[in-house]
Amino acid sequence: MTDTCFRMKGTTLTSIVLEVIGFEPDKFESQLADKVASAPQFFTRSSLILHLATGLSATEFELLVALCRKFNLQPMAVRGETEGLKNTINDLGLADVSQSKFTESTLKSPSSSETEEAVAAQKTPVSKPPSAAQLKPAKVVSRPVRSGQQVYAEGSDLVITAAVSEGAEVLADGNIHIYGTLRGRALAGVKGNAQARVFCQSLDAELVSIAGQFIMHDKVKAACWKQPAQIYLEEDTLRIEPIA
Amino acid sequence: MAKIIVVTSGKGGVGKTTSSAAISTGLALSGHKTVVIDFDVGLRNLDLIMGCERRVVYDFVNVINKEASLTQALIKDKRTKNLFILPASQTRDKDALTIDGVQAVLDELKKEFEFIICDSPAGIEQGAQMALYFADEAIVVTNPEVSSVRDSDRILGILQSKSMRAEQGKSVKEHLLLTRYNPTRVESAEMLSVADVEEILAIPLLGVIPESESVLKASNQGQPVILDEEANAGQAYADAVKRLLGETVEHRFLEAEKKGFFQRLLGGK
Ligand SMILES: Nc1ncnc2c1ncn2[C@@H]1O[C@H](COP(=O)(O)OP(=O)(O)O)[C@@H](O)[C@H]1O
Ligand SMILES: [Mg+2]
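About the thresholds
- Residues numbered from 1 in each chain as written.
- Chains lettered and ligands numbered in written order.
- Predicted model: local features only at pLDDT ≥ 70, side-chain atom pairs only at ≥ 80, totals over all residues.
- Heavy atoms only, no water.
- UniProt positions renumbered as here; feature names shortened; annotations may be inferred.
- Helix = DSSP H or I, 4+ residues; strand = E, 2+ residues; numbered from the N terminus.
- Salt bridge = Lys/Arg side-chain N within 4 Å of Asp/Glu carboxyl O.
- Buried < 20%, exposed > 50% of the residue type's maximum accessible area, 1.4 Å probe, protein only.
- Phe/Tyr/Trp six-rings, centres within 6.5 Å; stacked < 30°, edge-to-face > 60°.
- Lys NZ or Arg CZ within 6 Å of the ring centre and 35° of its normal.
- Near = heavy atom within 4 Å.
- Polar contact = N/O pair within 3.5 Å; in protein donor to acceptor, adjacent residues only side chain to side chain.
- Areas by Shrake-Rupley, 256 points an atom, 1.4 Å probe, with all protein chains shown as cover.
- Nonpolar A, V, L, I, M, F, W, Y, C, P; charged D, E, K, R; others polar.
- Pairing = 2+ DSSP bridges.
- Contact = heavy atoms within 4.5 Å.
- Axes fitted to C-alpha atoms, helices over the stretch in contact; angles between N-to-C directions.
- Buried area = accessible area lost by both parts, 1.4 Å probe.

The name an unreviewed UniProt entry gives chain B is Septum site-determining protein MinD, with Alteromonas profundi as the organism. For chain B, the Function (unreviewed entry) comment in UniProt is given as "ATPase required for the correct placement of the division site. Cell division inhibitors MinC and MinD act in concert to form an inhibitor capable of blocking formation of the polar Z ring septums. Rapidly oscillates between the poles of the cell to destabilize FtsZ filaments that have formed before they mature into polar Z rings." Word for word, the UniProt comment on chain B under Sequence similarities (unreviewed entry) is "Belongs to the ParA family. MinD subfamily."

You'll find chain A entered in an unreviewed UniProt entry as Probable septum site-determining protein MinC, with Alteromonas profundi given as the organism. Database annotation for chain A, UniProt heading Sequence similarities (unreviewed entry): "Belongs to the MinC family." According to its UniProt record, chain A has this under Subunit (unreviewed entry): "Interacts with MinD and FtsZ."

Structural data, given as structure tokens:
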């Protein structure tokens, strides 16, 4: 019988981790609303891991998940202080990944929890790093991205050979290269790739974000204003640097 | 081949109707059979600027609803040969225009005319989208101020994503028409300069029309300003029409008029 219905493979997935430091429902909701409003497209497309830095009651946890979903975030797993929440986590259709390790290299190592994924990972030969030929080609846009428009390069880099207007939004899972003036919003590494960068010929942006960290116009203005620049993440801080 | 050109802007009150009237008149004067259509259903301005408001019997919506034939609704311009006006209705709302209805009318007009000029309503919603949907080319009317430039940018985005040509993977030819340009206010940095606007919108410049009292005078007389050969606004529109027809004409009226020797001597304003 070679007619198998499915195959199991190991995979890696980058996602946003929402670290819950303290949970006061009203405060949490308004802060979350602000965060999401700052970059709506970025957040609605991303899966979410809830990291409970503090212990919550079952009711509190249910409320937390409900609030995330209300803002179109997609919690899929929980880690941290999950003691006493096992049933609630299960009922909500989430996975408890407290035991999993989270750096890329350790994903291959067998985890102590008997999840299917871990089993699959053990049985699948360690996959080679993707060669250049396997990379998804960059999305190339050669017209200006105008106010009110949005371009998203899913699973790849984004190359724009024109300007990005004020009021326009460009997003990529990888890097963003703009061979023109960036006046709008550019969000690179939207699924959490902290290595992603934004490059532009002239920096005049409303907002720049890398893997969820972002800076607004006023901060952008302080460095490389209307100059060729790159923006990248260095230990959770966004750096703006001129490119010669 | 008939060319459909939409005159659009996003923002209201920037000079779309003034420009539609002037440019269609200019094209007709150059010997091209031209019709100008008022898509601003509910407002109906074009016939006033063209000075034919008293001759409106049937309108665009009547033709779409088959309550009148195109021949009945088209108004032949009194002054200019080769020029016709299809007025808007004052009593309907914007929903009276349907894609199929508009297409049928345009198809019929294409058989007769070389240029079909569509005067768009303000905004970026349905009415404006209807006016630009079938366009081959677009004249984007912009005033030298930030909000107008931003709206023009939005309408350019819509043009290249929601027009029929865009849906077919083709592009709509873009022209920038900068109107109500006041060089003195540009010099004092109260207004954006031609270069500023060109840099942001990055589309070819069709013309710069100076802010001029002659425009108001012309519209009060119901006469497109292009017919006022003395006025700089009229001359600037004439230049723009030549460029639209492929001629290379240098841009004029970009600088503030220098004060005369005696004025300077006397310190007059
Ligand atoms: N170049 C100009 N100089 C002075 N006034 C102008 C000029 N162009 C337009 N106007 C005035 O601006 C107002 C709006 O013009 P209009 O053509 O009706 O704009 P729109 O059709 O875009 O709403 C009118 O009062 C018109 O006389
Ligand atoms: Mg108008």
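**Here's the deal with the UniProt feature "domain: Septum formation inhibitor MinC C-terminal" (unreviewed entry) in chain A**
UniProt tags residues 140–241 of chain A as "domain: Septum formation inhibitor MinC C-terminal" (unreviewed entry). With 5% helix and 48% strand, the stretch residues 140–241 of chain A has end C-alpha atoms that lie 24 Å from each other.

**Section: the pattern of salt bridges**
Applying the stated criterion to the full structure yields 18 salt bridges over all chains. The salt bridge involving Lys70 of chain A is made with Glu29 of chain A; its shortest N-O contact spans 2.3 Å. In this pair, Lys70 of chain A is assigned in helix H3 (residues 58–70) and Glu29 of chain A in helix H1 (residues 25–38), connecting sequence segments 41 residues apart. Classification of Glu29 of chain A as partly exposed rests on a relative accessible area of 24%. One salt bridge in this structure joins Glu137 of chain B and Lys3 of chain B, with 3.3 Å as the shortest N-O distance. With Glu137 of chain B in strand S6 (residues 137–142) and Lys3 of chain B in strand S1 (residues 3–8), this pair connects stretches of sequence that are 134 residues apart. Residue Lys3 of chain B is classed as partly exposed on the basis of its relative accessible area, which comes to 32%. Overlapping salt bridges, with partners in common, bring together Glu154, Asp173 and Lys191 of chain A in one network.

**Structural notes on the packing of aromatic side chains**
Evaluation of the coordinates by the stated rule reveals four aromatic pairs over all chains. Taking 4.9 Å as the distance between ring centres and 90° as the angle between the ring planes, the aromatic pair formed by Tyr133 of chain B and Phe134 of chain B counts as edge-to-face. For the pair Tyr133 of chain B and Phe134 of chain B, one class covers both residues: buried. In this structure, Arg197 of chain A packs its charged tip against the face of Tyr232 of chain A, placed 4.1 Å from the ring centre.

**Some points on the site of ligand 1**
All names here are of chain B. Ligand 1 sits among 13 residues. The nearest are Gly13, Lys16, Thr17, Thr18 and Arg180. One of the backbone nitrogen or oxygen atoms of Gly13 is found 2.8 Å away from an oxygen atom of ligand 1. Take Ser212: an N or O atom from its main chain is 2.9 Å from a nitrogen atom of ligand 1. Burial of ligand 1 by the surrounding chains reaches 80%, relative to a free accessible area of 560 Å². Sorting the residues of the shell around ligand 1 by element identifies helix H1 (16–29) and strand S8 (205–210) as the ones contributing at least two each. A per-element tally of the shell around ligand 1 places H1 first, with three residues. Looking at the shell around ligand 1 residue by residue, the classes come out as four nonpolar, six polar and three charged.

**Digging into the sheet that holds strand S2 (residues 47–52) of chain A**
Residue and element names in this part refer to chain A. Strand order in this open sheet of four strands is S1-S2-S3-S4, and the pairing throughout is parallel. The open sheet terminates on both sides in strands that have one partner only, identified here as strand S1 (16–20) and strand S4 (95–96). Of the strand pairs in this sheet, S2 and strand S3 (residues 74–80) are connected by six bridges, and their pairing is parallel. When the bridges of S3 are listed, Ser47 appears paired with Gln74. Across the sheet, H3 touches S1, S2 and S3, and the angle it forms with S2 is around 150°.

**Describing the interface of chain B and chain A**
Contacts between the two partners involve 14 residues from chain B, matched on the other side by 11 residues from chain A. Counting the surface lost from both chain B and chain A, the interface buries some 940 Å², and carbon and sulfur atoms represent 35% of this. As a salt-bridge pair, Arg150 of chain B and Glu166 of chain A come within 3.1 Å of each other at their nearest N and O atoms. Inspection of the region where chain B meets chain A yields eight residue pairs in polar contact (both at pLDDT 80 or more). Mapped onto the side of chain B that touches chain A, the elements with two or more residues apiece are helix H7 (146–162) and helix H10 (194–201) of chain B.

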